[in-house]
Amino acid sequence: MSYILKILPNRQIGQLYTGKRIHDQDSFDHLLELVQRGMSVNVFENDRTFSLEHIKQEFPAPLQGDMRTASIDLEQENGSRIVQFLYESHEIFPGKPGLTGLPATYVENDKEATTLHITLKDALLETKVILKYTIYEHRPVLARSAEIINEGSQHLTLHALSSFNLDLPDAQYDMIELTGAWARERNIKIHPLHEGIQSIYSLRGHSSSNFNPFFALKRKHTTEEQGEAFGFSFVYSGNFLAAVDVDTYNTARINIGIHPFTFSWPLKEHTSFQTPEALLVYSSSGTNAMSQTFHSLFRERLARGWWRDHVRPILINNWEGTYMDFDEKTILEMAQQAKDLGIELFVLDDGWYEGRNDDTSSLGDWFPDRAKLPEGIAGLSRKIEQLGMKFGLWIEPEMISRNSKLFRQHPQWMLQTPHRPLSHGRNQYVLDFSDPDVVDHIAGMLENVFDSAKISYVKWDMNRAMSEVYSSAHHSNEQGMVYHQYILGVYSLYERLLSRYPDILFESCASGGARFDPGMLYYAPQAWTSDDTDAAERIKIQYGTSMVYPLSSMGSHVSAIPNHQLYRYTPLSTRANVAYFGTFGYELDPRQLTEEEKKTVSRQIAFMKKYRDLIQFGTFYRLLSPFDHNECAWMVVSNDKKRAIIGYYRMMQRVNERFGRIRLQGLDENLKYSIQGKNYIVYGDELMNAGLITTDASAGEDNKKFKEGDYLSRLYILDAQ
Ligand code: DGJ
């Protein structure tokens, strides 16, 4: 990709071009469109062409003639909010520095990327803004953030600072968003841009299941396979606002940052503020290519630690199997059966800590409930390890129940607004993670548990949106910092636990997928995709999630029927055929499985062990959208293109269905492939052009042969000969 900037005549930074890579030239000045437009506000006397209202910019300031969304809102001691950040200097250097306390994409070697820092200065305020750009050498990715440094003597207040602004020269795009709610996260919504501001946001304190911090702009004719697309992603887990401001002159301004509504930051003399990072991915060959760029970036240069490069353990989680009603005997019976089926990791979910029998109590009391677990977590994990399995534990460190020892000792540690009623969510309240003392105390409790036992995996949950946010640890004029400092507190606890327990595999979770964002992936390489474990709903949720996030990050489990969220019956084969495309595991009581089902489950586990390297580290393609069809198809191709798996799903069964073929993608056109279950061998180019016949999955009279009803699925496995 090319990203071309210019120092404008007034020394602001102009944006000249972003898109497919073009030849370099000494000057691109001709791309600066200076047009005299009636009644515009202009910068230079006797010049009616240089109007900030119309010029495409990188760091637009408010109140000086640019009437669109601005990148900064900085209040000064005299009450003015006018600023003039003008070019002072720049530097270009190899590599990519980290962002202190914040998640960010990284490089392992300085040759992977080049960074540009542009320093802008407001001379009156003696304050600088550094615009930080990193462009990757072999990925069409631009990472962008901003830092403001107050070098003067004024006490400033920062009300907004964007991470990223991009002005595109036209607005003929469709916007792709991932919207949803609890248990129906990340459904794909596509709509044309129109004049005015269209935005996605969170004011919930987490990135939310309602709007994911991602959107894409694609041309009308762009498909999964061809055409231009820009993907935008915000590496942050808290309140955000990502807007496209389309003016009436057919330009589109993209602006991404922390949501200004809940934010204000005292920028005292000699202090600074660094924004989170935003990412731009460019594709000239469709939305699959855009997603693949995000997938490999997030898998290889956002996720960290040993687990980044390793296939994930097949786990069983007891949540839907027992909820909080269990004891050690039950858990050990389940674990033994799971072990016999080939499962590698047992995860003990909510309900293990003192007094936790329902959701009204105990959050904050992170010590084992001896009534359920007489030998504690240490004893249970030892016994599970003795079975030959690994042991994992669920925690929810950011929360507190009123009925808890922690609350009785530290009632002031909850976020709550003085003299106001306090809302609960699932009967629980939010700890003040903006206060380092609170974080330190919780860390100490968790370390006691983690040090006492062999723990290989941790599921970090967060089960409510935040409300009445006010911190008694902060001065009254610092309350605008609290949402952001809360998230910094979460990140700091992750960092502390990761450095002390580098071998633990973390899975993030927020009532399912309310914090499935790039910020979390920096700490936890996988996330619980949704509390909805119904296979048919999961097809949509995982399909939508794949717009940005790699399969290796998607927690996906087979659960029992009738499904606990929808009471729907789906075949065991389909439940697994969906869950394979993620980290894979089971979320049920294995003691309830019939002997026949156990044989099937054993085969499923053996299958996943054989193919998980391909699934979790191959290249993923969406083929057929469940949002548009009764069917869905996707595939993963190994990096050497010698192996591939296609998942094909049909929601409602139909009699005398039309013929079906799927045109595959990503294969080597010159290689011959066998297809398991079919008695012919074909070239990759045939599969990608003539297509793979799916009619045999169900058609007309054959329904009688297969005796399969709704929610049938097939896997097609290709091996190069
Ligand atoms: C919400 C999670 O998404 C579930 O998987 C489970 O861990 C419950 N919380 C436990 O309270």
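Residues numbered from 1 in each chain as written. Predicted model: local features only at pLDDT ≥ 70, side-chain atom pairs only at ≥ 80, totals over all residues. Heavy atoms only, no water.

### What to know about helix 4 (residues 376–386)
The test is simple: Relative accessibility under 20% of the residue-type maximum defines a buried residue, over 50% an exposed one, and the middle range a partly exposed one, all with a 1.4 Å probe and only protein chains included. Secondary structure counts use DSSP, requiring at least four H or I residues in a row for a helix and at least two E residues in a row for a strand, with both numbered from the N terminus.
Buried residues of helix 4: Gly376, Ile377, Gly379, Leu380, Ser381, Lys383 and Ile384, and no others. Once helix 4 ends, the next one or two residues include Gly388, with phi positive near 95°.

### Looking at the site of the ligand
Our working rule: Put simply, a residue is near a molecule or strand once any heavy atom of it comes within 4 Å of that molecule or strand. Identification of polar contacts relies on pairs of N or O atoms within 3.5 Å, with a donor-acceptor requirement for protein atoms, meaning one able to donate a hydrogen and the other able to accept it, and with residues adjacent in sequence counted only if both atoms are side-chain atoms. To be clear on the numbers: accessible area is Shrake-Rupley with a 1.4 Å probe, and residue cover counts the displayed protein chains and nothing else.
The environment of the ligand is formed by 13 residues, the closest being Asp349, Asp350, Lys459, Asp461 and Asp531. Asp349 is positioned such that a nitrogen or oxygen atom in its side chain is 2.6 Å from an oxygen atom of the ligand. Contact distances for the ligand include 2.7 Å between an oxygen atom and a side-chain N or O atom of Lys459. Here the ligand, which alone exposes 290 Å², has 98% of that area covered by the protein.

### Comments concerning the layout of surface pockets
Worth spelling out the cut-off: Space inside and on the surface of the protein is sampled on a 1 Å grid over the protein atoms alone, with a cavity defined as a set of points where a 1.4 Å probe fits but cannot get out and a pocket as an open set with protein on both sides within 12 Å along at least 5 of 7 lines; lining residues have an atom within 4 Å of a point. Grid points are joined across faces, edges and corners, and a volume is the space filled by probe spheres set on the points. Polarity classes work like this: nonpolar for Ala, Val, Leu, Ile, Met, Phe, Trp, Tyr, Cys and Pro, charged for Asp, Glu, Lys and Arg, and polar for all others, with Gly in that last group. Residue ranges assigned to the domains are those given by an automatic or database domain assignment.
Size it by volume and the largest pocket reaches roughly 1000 Å³. Residue lining of the largest pocket: 33 residues in total, with Tyr3, Ile4, Leu5, Leu116 and Ile135 positioned closest to the centre. Elements represented by at least two residues in the lining of the largest pocket include exactly strand 1 (2–7), strand 2 (13–19), strand 4 (86–94), strand 5 (113–122) and strand 6 (127–136). In terms of residue count, strand 1 provides more of the lining of the largest pocket than any other element does, six residues in total. Among the residues making up the lining of the largest pocket, the classes are represented as 18 nonpolar, eight polar and seven charged. Each pocket or cavity is described by its volume, and for the second largest pocket that value is around 450 Å³. Looking at the second largest pocket, it is lined by 28 residues, and the ones nearest its centre are Trp182, Arg426, Asn463, Ser511 and Asp531. When grouped by side-chain class, the residues that make up the lining of the second largest pocket number eleven nonpolar, seven polar and ten charged. Counting contributing residues, the lining of the second largest pocket receives three or more from each of domain 1 (2–301) and domain 2 (306–402 + 435–463 + 494–613).

### What about the environment of Gly555?
As a reminder, the rule being used: Any pair of residues with heavy atoms lying within 4.5 Å of one another is described as a contacting pair.
With respect to the helices and strands, Gly555 occurs in strand 27 (residues 554–555). It is 5.9 Å that separates the C-alpha atoms of Gly555 and Gly582, two residues lying 27 residues apart in sequence. When near neighbours in sequence (up to four residues on either side) are disregarded, Gly555 contacts Glu507, Ala527, Trp528, Thr529, Arg538 and Thr583.

### Observations regarding the domain arrangement of the protein
Note: interface size is frequently given as the accessible area lost on complex formation between the parts. Let me state the cut-off plainly: Take the accessible area each of two parts loses on contact, using a 1.4 Å probe, and add the two losses: that sum is the buried area. The salt bridge definition used is simple: a Lys or Arg side-chain nitrogen within 4 Å of an Asp or Glu carboxyl oxygen.
Per the domain assignment, the segments of the protein are domain 1 (2–301), domain 2 (306–402 + 435–463 + 494–613) and domain 3 (624–720). Each of domain 2 and domain 3 has a C-alpha centre, and these two points are 31 Å apart. Taken residue by residue, the interface counts 21 residues in domain 2 and 22 residues in domain 3. Between domain 2 and domain 3, a total of about 1700 Å² is buried, with carbon and sulfur atoms accounting for 71% of that surface. A per-residue breakdown of the area domain 2 buries against domain 3 is headed by Tyr543, Phe581 and Tyr611, which together make up 36% of the total. The interface formed by domain 2 and domain 3 contains one salt bridge. Applying the counting rule to domain 2 against domain 3 returns eight residue pairs in polar contact (both at pLDDT 80 or more). At the level of secondary structure, the elements contributing two or more residues to the side of domain 2 that touches domain 3 comprise helix 9 (535–545), helix 10 (572–579) and helix 11 (595–617).

### Let's talk about the sheet that holds strand 37 (residues 712–720)
For the record, the criterion: At least two bridges found by DSSP between two strands is the condition for calling them paired. An axis is simply a line fitted to the C-alpha atoms; with a helix, the fit covers only the stretch in contact. Between two such axes, the angle follows the N-to-C directions and lies from 0 to 180 degrees.
Pairing is antiparallel across the open sheet formed by six strands, whose spatial order is 30-31-32-37-34-35. The strands lining the two open edges of the sheet, one partner per strand, are strand 30 (619–624) and strand 35 (681–683). The mean inter-strand angle of the sheet, taken between neighbouring strand axes irrespective of direction, is 25°. As judged from the three bridges shared by strand 34 (residues 672–675) and strand 35, these two strands associate in the antiparallel manner. When the sheet's bridge partners are listed, Tyr673 is paired in strand 35 with Val682. Of the strands in this sheet, strand 30, strand 31 (631–637), strand 32 (643–650) and strand 37 touch helix 11, which is tilted by about 100° from strand 32.

### Description of the sheet that holds strand 19 (residues 315–317)
Strand order in this open sheet of nine strands is 27-26-25-24-21-20-19-29-28, and the pairing throughout is parallel. The open sheet has two edge strands with one neighbour each: strand 27 and strand 28 (557–559). Judged from the three bridges that link them, strand 28 and strand 29 (residues 585–587) form a sheet pairing that is parallel. Paired with Val558 across the two strands is Tyr586, which belongs to strand 29. Helix-sheet contacts for helix 4 involve strand 20 (345–348) and strand 21 (390–395), and the interaxial angle to strand 21 is about 145°.

### Considering the side chain of Lys372
For clarity, the cut-off: We treat Lys and Arg as the positive residues and Asp and Glu as the negative residues; His and chain ends play no part in the count.
With respect to the helices, strands and loops of the structure, Lys372 is situated in the loop between strand 20 and helix 4. Nearest to the buried, unbridged Lys372 among oppositely charged side chains is Asp369, at 4.9 Å. Side-chain polar atoms of Lys372 contact the backbone oxygen of Met324, separated by 2.9 Å. Those residues in contact with Lys372, other than ones at most four positions away along the chain, are Met324, Phe326, Asp327, Glu328, Gly351, Arg356 and Asn357.

### A look at the environment of Val43
Relative to the elements of secondary structure, Val43 occurs in the loop between strand 2 and strand 3 (72–75). A sequence separation of 22 residues divides Val43 from Gly65, and the C-alpha atoms of the two residues are 8.0 Å apart. Setting aside residues no more than four positions away along its own chain, Val43 makes contact with Asn10, Phe50 and Leu52.

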